Structures are given as C-alpha cells and as structure tokens.
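# Results of the structural survey
One letter stands for each residue in the lines below.
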Amino acid sequence: MIRGLEVGMSVSFPIEWIDTVRAQTSKCNLIMPGRRITSTNKEARIIEVKRIE
C-alpha cells in the first residue's frame, strides 16, 4: 500500500503498527522514487502515510 501511493494520496493504519509503518515508509523513501511522510493522530489512534513528491 505504501509503495503504490501516488502524489497527494495517503493511507492510514492502526497506531499499534507505528514501528512497522515508519520502517516501511523509510525503506520506500530510500529505494523508490518520491517522498513519503508519516503523521500520527493520537485521538483517532492512527498513523497516516502521505506521498508528497
């Protein structure tokens, strides 16, 4: 899911997956074109990955 994001798209995961999601996002930024960022929402208990480039 993280790899397939187009610029401007985002995907959310349960906050319990934070370690895995951040690791996979970092890996994608290193080996794939484009740039992705993560943000968290503690109230909604999600981590979001957004492709910005």
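A brief report on the enclosed structure follows. Keep in mind that what you see is a predicted model, and the values were worked out from it rather than measured.

Cut-offs applied
- Residues numbered from 1 in each chain as written.
- Predicted model: local features only at pLDDT ≥ 70, side-chain atom pairs only at ≥ 80, totals over all residues.
- Heavy atoms only, no water.
- Helix = DSSP H or I, 4+ residues; strand = E, 2+ residues; numbered from the N terminus.
- Rg over C-alpha atoms; globule rule 2.2 N^0.38 Å.
- Buried < 20%, exposed > 50% of the residue type's maximum accessible area, 1.4 Å probe, protein only.
- Salt bridge = Lys/Arg side-chain N within 4 Å of Asp/Glu carboxyl O.
- Core = buried A, V, L, I, M, F, W, Y, C linked by side-chain atoms within 4.5 Å.
- Contact = heavy atoms within 4.5 Å.

### A short note on the overall build of the protein chain
Secondary structure assignment for the protein chain yields one helix and three strands. N-terminal to C-terminal, the α/β element order of the protein chain is β-α-β-β. In terms of C-alpha radius of gyration, the protein chain reaches 10 Å, essentially the compact-globule figure of 10 Å for 53 residues. Seen through its C-alpha atoms, the protein chain measures out along the principal axes to roughly 30 × 20 × 15 Å. Evaluated residue by residue, the protein chain yields a buried proportion of 23% over its 53 residues.

### Describing the pattern of salt bridges
On inspection of all chains with the given rule, the structure shows one salt bridge. In this structure, Arg45 engages Glu16 in a salt bridge whose closest nitrogen and oxygen atoms are separated by 2.7 Å. Linking Arg45 in the loop between strand 2 (36-41) and strand 3 (46-51) with Glu16 in the loop between strand 1 (10-14) and helix 1 (18-31), this pair joins segments that are 29 residues apart in sequence.

### Regarding the nonpolar core
Residues Ile2, Leu5, Val11, Phe13, Val21, Cys28, Ile47 and Val49 constitute the largest nonpolar core, which totals eight residues. The set of elements that each furnish at least two residues to this core consists of strand 1, helix 1 and strand 3. Non-local contacts of Val21, meaning those with residues more than four positions away in its chain, are made with Ile2, Phe13, Ile47 and Val49.

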